[in-house]
Every structure is written in structure tokens, then in C-alpha cells.
Amino acid sequence: MYRDPEIAEDIRQSMVAWRRDIHANPETAFEEHRTANVVAHALTLMGLPIHRGLATTGVVATLKHGEGPSIALRADLDALNMQELGSHKPHISTCQGKMHGCGHDGHTAMLLGAAAHLARHKPFRGTVHFVFQPGEENEGGGRVMVEEGLFEQFPADAVYGMHNFPGLPRGRFAIRTGTMTAYLDTFEITVTGKGSHGAMPETGIDSIVVASQLVNALQTIVSRRTGATDSAVVSVTQIHGGDTWNVIPEEVVLRGTVRTLDAGIQDRVQAAMQQICEGTAATHGARVALNYMRGYPGVVNTPKETAAAVAAAASLVGEDKVDTGIPPAMGSEDFAFMLQKRPGAYIAIGAGEGPSDPPVHNPYYDFNDNILPLGAAYWVALVKQQLPVA
Ligand SMILES: [Zn+2]
Ligand SMILES: [Zn+2]
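Below is a summary of the structure that appears in this document.

What counts and what doesn't
- The residue numbering used here restarts from 1 in each chain and proceeds along that chain's sequence as written.
- Each chain gets a letter, beginning with A, and each ligand a number, beginning with 1, in the order they are written.
- The predicted origin of the model limits local features to residues at a pLDDT of at least 70 and limits the giving and counting of side-chain atom pairs to 80 or more, whereas totals for whole chains, interfaces and linings rest on all residues.
- Side-chain measures were taken over the full set of non-hydrogen atoms in the model, leaving aside hydrogen atoms and water.
- Axes here refer to lines fitted to C-alpha atoms; in helices the fit is confined to the stretch in contact. Angles between the N-to-C directions go from 0 to 180 degrees.
- The way it works is that DSSP assigns letters per residue, a run of H or I at least four long becomes a helix, a run of E at least two long becomes a strand, and they are numbered from the N terminus.
- In this scheme, a crossing is called left-handed if the near helix is turned counterclockwise away from the far one by less than a right angle; it is called right-handed if the turn is clockwise.
- Residues are treated as being in contact if the distance between any of their heavy atoms lies within 4.5 Å.
- Only Asp, Glu, Lys and Arg are considered charged, only Ala, Val, Leu, Ile, Met, Phe, Trp, Tyr, Cys and Pro nonpolar, and every remaining residue, Gly among them, polar.
- Only protein chains enter the calculation, and the probe is 1.4 Å; a residue is then buried if its accessible area is under 20% of its type maximum, exposed if over 50%, and partly exposed in between.
- Paired strands, as defined in this entry, are two strands with at least two bridges between them according to DSSP.
- With water omitted from the atoms examined, metal sites may look incomplete; donors here are N, O and S atoms no farther than 2.8 Å from the metal, or 3.2 Å in the case of Na, K and Ca.
- Here the metal geometry follows the donor angles, with tetrahedral for four donors whose angles all fall between 85 and 135 degrees, square planar for four and octahedral for six when opposite donors are more than 155 degrees apart and every other angle is between 65 and 115, and irregular for all the rest.
- Side-chain rings of Phe, Tyr and Trp, where Trp is taken by its six-membered ring, are said to pair if the distance between their centres is within 6.5 Å; with planes under 30 degrees apart they count as stacked, over 60 as edge-to-face, and otherwise as tilted.

## Quick notes on the packing of helix α6 (residues 207-225) against helix α7 (residues 263-284)
- Where α6 meets α7, the axes come as close as 10 Å, and the angle between the chain directions of the two elements is 145°. Relative to α7, the crossing made by α6 is right-handed. Between α6 and α7, the contacting residues are Val 210, Gln 213, Leu 214, Ala 217, Leu 218, Thr 220, Ile 221 and Arg 225 on the first element and Val 269, Ala 272, Met 273, Gln 275, Ile 276, Cys 277, Thr 280 and His 284 on the second.
- Here the residues of the contact of α6 with α7 sort into ten nonpolar, five polar and one charged.

## Considering the pairing of strand β12 (residues 251-260)
- In terms of residue burial, β12 counts as a mostly covered element, since seven of its ten residues are buried.
- Where strand β10 (residues 232-240) lies against β12, eight bridges are found, and the strand directions are antiparallel. Within β12, the position partnered with Val 236 by the bridge is Gly 256.

## Focus on the coordination of the zinc ion (ligand 1)
- Every protein donor of the zinc ion (ligand 1) is listed here as Cys 102 (SG), Glu 137 (OE), Glu 137 (OE) and His 361 (NE2), and their distances to the metal cover 2.0 to 2.8 Å.
- Each of the four donor atoms bound to the zinc ion (ligand 1) contributes to angles spanning 52 to 152°, and the resulting shape is irregular.
- Site description for the zinc ion (ligand 1): donor spacing in sequence, C-x34-E-x223-H.
- A separation of 3.2 Å is found between the zinc ion (ligand 1) and the zinc ion (ligand 2), which are bridged by Cys 102. Of this pair, Glu 137 sits in the loop between β4 (126-133) and α4 (141-147) while His 361 sits in the loop between β16 (344-352) and α10 (372-386); the two residues are 224 residues apart in sequence, bridging distant segments of the chain.
- For Glu 137, a relative accessible area of 11% translates into the label buried.
- You can call His 361 partly exposed: its relative accessible area is 40%.

## Points about the packing of aromatic side chains
- Within this structure, the stated rule accounts for four aromatic pairs.
- Ring plane angle 50° and centroid distance 5.4 Å describe the contact between Tyr 378 and Trp 379, whose orientation is recorded as tilted. By the burial criterion, Tyr 378 is buried, and Trp 379 matches it.
- Each member of the aromatic cluster is reached from another via a ring pair, and the members are Phe 173, Tyr 378 and Trp 379.

So, in C-alpha cells, the structure goes:
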């Protein structure tokens, strides 16, 4: 068992109260006004100067104690557009169709707990920026904060993030150097043929046949053009076209998603998709327009900062409880935009109590309050290690 982290009882209780209050009042991307108020109020009571308004609802607090390096610690504020289930939860969502289904309520509470502890004891020399970002789910609030000058206004030598993993037992951490989460792209392909009578296809160009060939041809990107040890996923997830039995439609729209673990492979997949679209169009005399939209880049942990994160976690739970060799996840995370600007590391904190725990984004999911002290202690350990008292 790991050593019980040194977070005072009143801070533990505050973390549970913040977490459940935020859970009961979920807000989604760039509308986290109440959540930001809760965070700003708590930080102000700790005596920390705060800045509000980056990416609309972002909150940044700064704790400076003497001269030294600076680091940024990041949590996310937003909930998901989904209906919560599970009436046994006393703090169940009071907002129809919105739910903290990813544990960002807990992430926020853990970073607040760390801020409370660090503001009280100041066991470091340097500057800590506590970054609370909106809109992690789908909307890229982390990117918006970076674009609006997060690191110009709050210079940090490194930036760190953390996510709870219900599939990893409580008392454990997991991390890897390099790519930790996938590059997430989406695409829309518009096939324009020539509409015609279903009985006389020779008078038109059949957009449905062209689209069907495209779906198959796109599957060769992974199977025939990507090396066996490289990773990519190409999925067509929507086909839209046609209205009735006897009309060949003028247009068919395909949509889907691409996931990769490496920027070079991402480039190659996009180029192959463009080539297949152009070639298929030429073969049939149709027009095929590809709109390839790059979404979240991969979270890429830098080696030195990953080692710092591992050391901080190991100081709490022991080296054997910190898995440094996990495979990259095909999910995505907008902390990647912060890591494109600063070195840093993103770590998974175990939240699992048993095999029946619901995963994140499940309607029965609830952040595990038992990990609040360990999460806060991880932030504290990281600060003490990276900003040591001279
Ligand atoms: Zn999520
Ligand atoms: Zn999340």
C-alpha cells in the first residue's frame, strides 16, 4: 500500500465538497461560468491572485514564492452533453442532458486541493500557475487558451496534466514517454456525380457507386500503405445520399475519423486519402472533394518531464505502482496543445475499485472521491521536486 499523502483533513473535506458541488452542476464547453466562479472563489479565499477570461471561462491562479523555476499545472472544467443515470448518487447532475462523465469535476477539485496545500505551506522556491481550462471535450479549450496567450501571460518552464483512469486500480499511476494519446482527425468527402433515373444509369454518373468504391479504397490506407508496426485507424462512420427508389442521387457525403500515433503517419494518411479521392474521381468522371480536418494532436510527453512525473508519483505510491510502459491510448486529449508549446507530461491516476467500475463517458460513471488526496498529493510532490527549496 502507498503511504497516505500529507493532505490536511480540512483540505480533503473541501475537495469532496467542491467535487460534488461541481458534479451536481455540470457545464459544457465555454459555458463553465458557475464552475469558474466556484474555482475563482476558492482560489481567492486561499489568497491567490487570479486571472479570468482566457478561452472565456478559463481561470489561472499564480502562487509565487521567492525566485526559482516556474511550472504550470492544468485541470479541465467541462462536462459532457449526456444524460447521467444512477439515482443513488446524492450529487447527481441537476442539469438535464449534461453530466460530468469524464471526471473533470475531480480533476478540478484535486488541483484546488493542491493549491490550498501549497498556498498554506509554500514548500518550494519559484512560481506555480494553476490552470483551469474550459472545453476539453471536443471543443479544444486548451488550444484556445494557448492561442489567447496562456504562456505569454503565465510563463512556465514546463506544463503538467493528469487524468483519472477507472480501468487502473486506485493507488497506481501510469505514463509513457512520447506519444500518450492519439492524433484525432475527421474528414468529410463529398462525391458529386450526375443524377439520373435509376433505370437509366448510363445517362448519369452514379455517386453511390463512386462512394462505395471510396469506402473500400480508404481501407487500403491502413492495410496496404501503413507499416505493420505503425498505427492508424481510418473509419468511415457516415454515408448520406439518396431519397427514393428510382433516383440515382447527384451527391453522396461520407464522413469519418482518422486516428494516428505519429505526426509523420498522420501526414501520410492524409496524403493517401487525397490521392485515393482524386484517383477515384478521375476513374469515374465524378468530382470528389475531401475536407480533411485536423483535430487534437497527440499528447507527446517529453522525456525529462516524464521522469519528473514518474519520480513524483513514485514518491507517493512506490516505484512498482507507477507503470511507465503503458501503450498509447487511441483516445484524444486537448492538453496536447499545451505540450506543443512547452515541455511537460500527462499522467494517468488510477481510480479503479473493481471490475464493475463504469468507464469514463458511461452514464453511470462517477469520479472516485477516494483518489482526491492522492491526486492533490501528486501535484504537491511534483512542485516540491521541480521547484526545490534551495
Ligand atoms: Zn472525456
Ligand atoms: Zn476527460
